[in-house]
Amino acid sequence: MKGWQEIQLQALQASDSEHQLLQIIVSLAAESGFDYCAYGLRLALPLIRL
């Protein structure tokens, strides 16, 4: 039997876009009894222009 952490990590890894990832995070937070959650995304940017 899988633990709840493994189930949640698999759900997060299955997302195809940032929007879908946010929806999964919101639903996991609600299932855990939270009214609010925070989400941040940092993308690596090149330091030089080619």
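See the structure printed just above.
What counts and what doesn't
Residues numbered from 1 in each chain as written. Predicted model: local features only at pLDDT ≥ 70, side-chain atom pairs only at ≥ 80, totals over all residues. Heavy atoms only, no water. Helix = DSSP H or I, 4+ residues; strand = E, 2+ residues; numbered from the N terminus. Rg over C-alpha atoms; globule rule 2.2 N^0.38 Å. Buried < 20%, exposed > 50% of the residue type's maximum accessible area, 1.4 Å probe, protein only. Areas by Shrake-Rupley, 256 points an atom, 1.4 Å probe, with all protein chains shown as cover. Axes fitted to C-alpha atoms, helices over the stretch in contact; angles between N-to-C directions. Parallel < 35°, antiparallel > 145°, perpendicular 65-115°, else oblique. Contact = heavy atoms within 4.5 Å.

J.: Explain the overall build of the protein to me, please; I cannot follow it from the model alone.
T.: When you go through the protein residue by residue, the secondary structure sums to two helices and zero strands. Whereas a compact globule of 50 residues would reach a radius of gyration of roughly 10 Å, the protein reaches 15 Å, over 25% beyond that. Sorting the 50 residues of the protein into buried and exposed places 10% on the buried side. Put simply, the protein shows about 4,900 Å² of open surface, and 59% of that area lies on carbon and sulfur atoms.

J.: Hey, could you run me through the packing of helix α1 (residues 4–13) against helix α2 (residues 18–31) in this one?
T.: Running from N to C, α1 and α2 cross one another at 155 degrees; their axes reach a closest spacing of 9 Å. The orientation of α1 relative to α2 falls into the category roughly antiparallel. Contact residues: Gln 8, Ala 11 and Leu 12 in α1; Leu 21, Ile 24, Ile 25 and Leu 28 in α2.

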